[in-house]
Structure formats: C-alpha cells, structure tokens
Amino acid sequence: MTIMTGAEYLERINKLGSEVWIAGEKVTGDISEHPAFKGVMKSQAELYDMQHKKSFIERLTFADDKNNQKVGISYLIPKTRADLEKRRNMIQTWARYTAGLMGRSPDYMNTALAAFASSVHLLRNQPNCFPEHLTKFYEYAISNDLSFTHTFINPQNNRSLMSFADEDTTNARVVKRIEEGLVIKGAKLLATQGGITDEIIVFSAPGIQDQSHAFAFSIPSNTEGVKFVCRKSLIADHSRYNSPLSSRFEEMDTVVIFDNVLVPWDRVFFYDNIKIANEFYKNGNFVPFALHQIVSRQVIKTEFILGVAKLIVDTININEYQHVQSKVSEIIIGLESGKALLLASELQAEKDDRGIMIPNRTPLYVAVNQFQETYPRFIEIVQLLGASGMINLPDEKQFASPIGDVLDHYLQGFEIKGKERVQLFQLAFDLCMSSFGSRQTLYERFFFGDPVRLSQMIYQTYDMEPSISFVKEMLNKKLT
Ligand SMILES: Cc1cc2nc3c(=O)[nH]c(=O)nc-3n(C[C@H](O)[C@H](O)[C@H](O)COP(=O)(O)OP(=O)(O)OC[C@H]3O[C@@H](n4cnc5c(N)ncnc54)[C@H](O)[C@@H]3O)c2cc1C
C-alpha cells in the first residue's frame, strides 16, 4: 500500500472497533457514523483524499524511490532547506483546509514519528533501548500511511514536585516485563482523537523520576485492554450553517486507560531508562520538527482569524474607528511575526552529523510561546469587534421559515443580507464563544506544554553569552 484514501481510512478505523466510551456507553458499530465522530472523521478522510488529487499531489507527497511508492511529505526526514520548505507547504496546505483548527491533522504525529526515527542514534547501545524497532516501525507506518494519536501527560492528581514520594496507583506504568513484552497498567490523561486512529504512540511525561514510567511504544488502538474515555461532545449542531466549525473539526479528547495491556517487544522503543526518557525528546529532533509543524499550522490559523475580524469590520462598517484598526493590526502583527519566526527557523536550519536538516528551535519556541498568549487575545478582539452581533444568531431553520424574509431584512449588514451576515457571525461564534471555540483557546494556551515552563525553557536554552560579552566589553572600554 501507499498513500491512503479517505475511504480506506474510514474503513480501517471502523474495522478496528477500538474500545471507545462516550456518554456512558461503549461505541458499537461504525464509529465514523457516530454523531460525535462523523464530522471530524469525514474531515480527516478528506485530508487523505487530497493526497490523491492532481492539484495537491505535488504539494502533499513525494516519491520514495527506495520502496518505489508515493509517500506523504509529513513522513519526510528533511535533508535540505528545500525539504523544509516542502514540509511547510504540505502542513499549510492541509491546515488551510481545516483553518488550522485540527491540531491533530495526520501531519502532526507523522512528523513526530519521523522526528523520533531520525533520532534513533540516541538509543544505540543504551540499556533497554531498541532503535531497530523504531526504524522498522517508521518504515511500516510509511508503507501503510498509518494514522496516530499520542499520549504522554499523566493524570492530574498531584503535580507537586514531591509527588514521586506517593504510591503510584494512577499513572500508566510498566507492571510486568515478560517474554512477550511489557505489561502496562494505569492511565494517561489525554489523547486527542483517541479511538479514531490506527495506532496510539505512548511515551513518558517530561521530568519523570520512576523507572516504570520511562518508556515509549506504539500499539494499535484496538489492542486488548486499551480504553478511550471521551469527554462530552462539543458539537452544538450538525448543520454547517449553524455550527460551521464544530460540525467539521471537533476532534474529541479522551482519557486513555491501560488495563494490563501487553505491548509486544517489537513495538517497544525503550523502557526502564529514565535518562533516555528525559533526553530523547530534548536532545533528539522531536522538538524542532514538531514545533515547525505547529507554527506552520498556527500561521494559517492566524490568517483565518484575521479574515474573520476584517469581514466583521466590513459587515457592520466600523472601518473608520482608530481603535478598530489598532485591534485588527494586533492580529496582523501576530501573523507577520509568526511567519517571520517560521522562516527564520528555516533560514537558520543546520545539518546534523547524519545529514538531517534541523530547523532552528529558538525562533520556533518563541513563536509557540507567543501564540499561547496572543491566541486568547485574538479571540477577545473578535468578540470586541462583533459585540452583540456575536450572540443574536437565528439558526438556519428560522431563515427557512415564514419569518425568514423578515429576518433577512432586519438582520442585514452593510451591503449584505441578513442570512449572509448571520452566517459570518455564526462562524465567529463557533470560533470564539461556543464550547468548541473555548476548547480551541485552551488547546492553544497549552499547545506544546504549560506556557510557564515553556518560557523557562527559552530562558534555559537561549545562548545569552554574546549579549553578556557585549556588555562586558562595553564596561571595560576605555575612552580615548
Ligand atoms: C485541548 C487539549 C488537548 C490536548 N491534547 C493532548 C494530546 O493529544 N496528547 C497529550 O499527551 N496531551 C495533550 N494535551 C495535554 C497538554 O500537553 C498539557 O495540557 C500541557 O502539557 C500541560 O500539562 P497539564 O495539562 O498536565 O497541566 P499541569 O502540569 O497540571 O499544570 C496545571 C497548572 O499548574 C502549574 N504547574 C504544574 N506543575 C508545575 C511546575 N512544575 N512548575 C510550575 N508550574 C507548574 C501550571 O503552570 C498550570 O498553571 C492536551 C491539552 C489540551 C488542553
């Protein structure tokens, strides 16, 4: 097999029949027909179909000569700056289709797996590490265009620095090491799209101190004992007019429970190695490659929010007010900064010893940390511009009813009919005020981790020596 079609994705996930719990019931039958999943699975399927369309094939795939097949660029391990540009174009093409609202479009985890595979050297000759399993699995994933979710965060029961002193009864951990593989028991807090992907990649949370928590592996989502427990669905309505975003892009978040799950050895990448667990992500290529994907998507999302803001401004004709212009400019500044930081990461990319082109992580760290603050502000700006228009939104049925013509008249905007104006504001509501929109804000606030610790990471990893020397030189300079 080579690149997957949408129909193949749907068929595969339905066939898996993973254990998914929602509203107190186990999903039975085709999950792609379930009201909570059908929108997002359809969108995901459409992304896969794009890989086959003449107009997108060049942007989304490359020829893997070794295996004589077409492969999604999301799996590409870049060797040149041109490869990085190709990656950016692929990510942004898919992101444009979802307005950047699907943080777990397939490229996110494909990129992560490619990053892991390009860091296998860190596992070589280390205790309890299996670099060959990772390489083989990466090739298998490419050949089958596998879809993934991932989970690493532990349940939020005790975040104290001393939590390791308590007995662990909740976190997913290795409870047995047997001939067939590892046995995992416990939970991981979050897997977005849990239960609607082929596989789940599971790895340790940062800063672990217990050997039994130090692992990385991938298993099929329907592995015996794996349970995905959903939150409530955030789809208000399946009508594209009433809920244009949540009806298509509500990804679902799940708690993942491992009930004595057997992970076969050939799927274990490492285990019982605290040093590797803490260093593999930090020193490998995961951070720069994942961040390059995230920032590429966030740029498209910002472009979308700018469009929403400007259309609201035009629709109620508030262009002339200075504060309105300043507010829209804030979004423009965010957009242009994001684009510049993304390009800076590519321009400053360097090849590592193995010839892999690594985008510079510093501008990407800055971009993602900045977005954690600016995204909620962009949402606030749309609310401030839209005002009461954000809430007074008759639905599609009202416009189709005998009162529709009257509404069309009284709810008209500047040079636009009522139904069209309300459609725009429905979209703004879904982006900023619906349950779906609120989750989007939380998502971006915590994308790639807690903003507090992310900014600390920038402090800890930034090379400030040139600035220090600069000041020291200035202090010692004698006047002539
Ligand atoms: C919508 C959404 C989707 C997500 N999807 C996924 C997914 O698919 N897979 C996945 O694995 N994860 C996912 N996550 C989890 C995400 O990675 C985490 O939210 C993020 O890493 C922060 O961790 P936490 O939520 O456990 O927050 P916590 O670590 O519990 O933080 C809670 C609060 O305590 C403070 N705090 C805690 N510990 C410290 C400390 N040591 N020092 C200073 N302050 C501290 C934080 O600053 C914060 O204010 C998702 C999160 C959200 C919101």
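Quick caveat, the model's predicted, so the values are computed rather than measured.

**Side note on the packing of aromatic side chains**
Piece 1. Using the criterion set out here, one finds 27 aromatic pairs in the structure.
Piece 2. Taking 6.5 Å as the distance between ring centres and 65 degrees as the angle between the ring planes, the aromatic pair formed by Tyr-75 and Tyr-138 counts as edge-to-face. Residue Tyr-75 is found in the loop between strand S4 (69-72) and helix H4 (81-98), and its partner Tyr-138 is found in helix H6 (residues 131-144); the two are separated by 63 residues along the sequence. The burial state of Tyr-75 is the same as that of Tyr-138; both residues are buried.
Piece 3. Plain terms: the ring middles of Phe-116 and Phe-203 are 5.7 Å apart, the flat faces sit at 90 degrees to each other, and that makes the pair edge-to-face. Taken as a pair, Phe-116 in helix H5 (residues 106-117) and Phe-203 in strand S8 (residues 199-203) lie far apart in primary sequence, 87 residues in all. Like Phe-116, the residue Phe-203 is buried in the burial classification.
Piece 4. Put simply, the rings of Phe-116, Phe-152, Phe-203, Phe-270, Phe-280, Tyr-281, Phe-286 and Phe-448 pair up and form one aromatic cluster.
Piece 5. Taking NZ or CZ as reference, Arg-421 lies 4.9 Å from the ring centre of Phe-425, over its face.
Piece 6. A cation sits over an aromatic face here: Arg-439 above Tyr-443, 4.2 Å from the ring centre.

**A look at the UniProt feature "domain: HpaB/PvcC/4-BUDH C-terminal" (unreviewed entry) in the chain**
Piece 1. Sequence positions flagged by UniProt for "domain: HpaB/PvcC/4-BUDH C-terminal" (unreviewed entry) are, in local numbering, residues 277-475.
Piece 2. As annotated, residues 277-475 has a helix share of 75% and a strand share of 2%, and its two end C-alpha atoms lie 43 Å apart.

**As for unusual backbone geometry**
Piece 1. One non-glycine residue, Ala-23, lies in positive phi territory at about 50 degrees.
Piece 2. With respect to the helices and strands, the residue Ala-23 is situated in the loop between strand S1 (19-22) and strand S2 (25-26).
Piece 3. For Phe-448, which is not glycine, the phi dihedral falls at a positive 70 degrees.
Piece 4. Along the chain, the position of Phe-448 falls in the loop between helix H15 (435-446) and helix H16 (451-461).

**Considerations on the pattern of salt bridges**
Piece 1. Applying the stated criterion across every chain yields a total of 21 salt bridges.
Piece 2. For Asp-352, the salt bridge goes to Arg-354, with nearest N and O atoms at 3.7 Å.
Piece 3. When its relative accessible area of 40% is taken as the criterion, Arg-354 is described as partly exposed.
Piece 4. The network of salt bridges with shared partners includes Arg-231, Glu-250, Asp-253 and Arg-439.

**Let's talk about the sheet that holds strand S12 (residues 268-271)**
Piece 1. Here 4 strands make up an open sheet; going across it, the order is S5-S8-S9-S12 and the pairing mixed. Of all strands in the sheet, those bounded by a partner on one side alone are strand S5 (148-151) and S12. Geometrically, the sheet is characterised by an average inter-axis angle of 20 degrees between neighbouring strands, direction not taken into account.
Piece 2. Each of S5 and S8 is contacted by H5, which is oriented at about 70 degrees to S5, the strand it contacts most.
Piece 3. Against the sheet, H6 contacts S5, S8, strand S9 (215-220) and S12, and its axis sits at roughly 150 degrees relative to S12.

**Things to note about the domain arrangement of the chain**
Piece 1. Considered domain by domain, the chain is made up of domain 1 (6-159 + 168-281) and domain 2 (285-470).
Piece 2. Each partner contributes residues to the interface: domain 1 has 44 residues there, and domain 2 has 45 residues.
Piece 3. When the two sides are added together, the surface that domain 1 and domain 2 hide from each other amounts to roughly 4,000 Å², 61% of it contributed by carbon and sulfur.
Piece 4. Where domain 1 meets domain 2, there are 3 salt bridges.
Piece 5. Counting the contacts that link domain 1 with domain 2 gives 24 residue pairs in polar contact (both at pLDDT 80 or more).
Piece 6. Elements with a minimum of two residues in the side of domain 1 that touches domain 2: H4, H5 and helix H7 (246-249).
Piece 7. The element that contributes the greatest number of residues to the side of domain 1 that touches domain 2 is H4, accounting for 9 residues.

**A few points about the sheet that holds S1**
Piece 1. Ordered by their spatial adjacency, 6 strands build an open sheet running S2-S1-S10-S11-S7-S6, and the pairing between neighbours is mixed. Strand pairing shows two members of the sheet lacking a second neighbour, S2 and strand S6 (173-178), which therefore form its edges.
Piece 2. Of the pairings in the sheet, the one linking S1 to S2 comprises 2 bridges and is antiparallel in character. Within S2, the position partnered with Ile-22 by the bridge is Glu-25.

**Re the UniProt feature "binding site: FAD" (unreviewed entry) in the chain**
Piece 1. The feature "binding site: FAD" (unreviewed entry), as annotated in UniProt, sits at Gln-156, Asn-157, Asn-158, Arg-159, Thr-192, Asp-450, Pro-451, Val-452 and Arg-453 in this numbering.
Piece 2. Topologically, Asp-450 is positioned in the loop between H15 and H16.
Piece 3. Within the secondary structure layout, Arg-453 lies in helix H16.
Piece 4. Polar side-chain contacts of Arg-453 include one of 2.8 Å to the side chain of Asp-450.

**A look at the pairing of strand S11 (residues 253-264)**
Piece 1. Bridge count between strand S7 (residues 181-192) and S11: 9 bridges; the pairing is antiparallel. By the bridge assignment, Gly-186 is partnered in S11 with Phe-258.
Piece 2. Note that strand S10 (residues 226-230) and S11 share 5 bridges and pair antiparallel. Looking at S11, one finds that Val-226 is bridged to Phe-258.

**Details of the environment of Val-368**
Piece 1. In this fold, Val-368 is placed in helix H11 (residues 361-386).
Piece 2. Sequence separation of Val-368 and Ile-294 is 74 residues, and the distance between their C-alpha atoms is 7.6 Å.

**What about the nonpolar core?**
Piece 1. Of all hydrophobic cores here, the largest spans 138 residues; its most connected members are Phe-37, Phe-258 and Phe-448.
Piece 2. The biggest single contributor to this core is helix H9 (residues 286-315), with 14 residues.
Piece 3. Among all residues touching Phe-258, those that are not within four sequence positions of it are Thr-151, Ala-172, Ile-184, Lys-185, Gly-186, Lys-188, Val-202, Phe-217, Ile-219, Gly-225 and Val-226.

**Some details on the side chain of Gln-293**
Piece 1. Considering the arrangement of structural elements, one finds Gln-293 in helix H9.
Piece 2. Owing to a relative accessible area of 0%, Gln-293 belongs among the buried residues under this scheme.
Piece 3. Not counting residues up to four positions away in its chain, the partners in contact with Gln-293 are Arg-87, Ile-91, Ser-105, Asp-107, Tyr-108 and Thr-111.

About the cut-offs
Residues numbered from 1 in each chain as written. Predicted model: local features only at pLDDT ≥ 70, side-chain atom pairs only at ≥ 80, totals over all residues. Heavy atoms only, no water. Phe/Tyr/Trp six-rings, centres within 6.5 Å; stacked < 30°, edge-to-face > 60°. Helix = DSSP H or I, 4+ residues; strand = E, 2+ residues; numbered from the N terminus. Buried < 20%, exposed > 50% of the residue type's maximum accessible area, 1.4 Å probe, protein only. Lys NZ or Arg CZ within 6 Å of the ring centre and 35° of its normal. UniProt positions renumbered as here; feature names shortened; annotations may be inferred. Salt bridge = Lys/Arg side-chain N within 4 Å of Asp/Glu carboxyl O. Pairing = 2+ DSSP bridges. Axes fitted to C-alpha atoms, helices over the stretch in contact; angles between N-to-C directions. Contact = heavy atoms within 4.5 Å. Domains from an automatic or database assignment. Buried area = accessible area lost by both parts, 1.4 Å probe. Polar contact = N/O pair within 3.5 Å; in protein donor to acceptor, adjacent residues only side chain to side chain. Core = buried A, V, L, I, M, F, W, Y, C linked by side-chain atoms within 4.5 Å.

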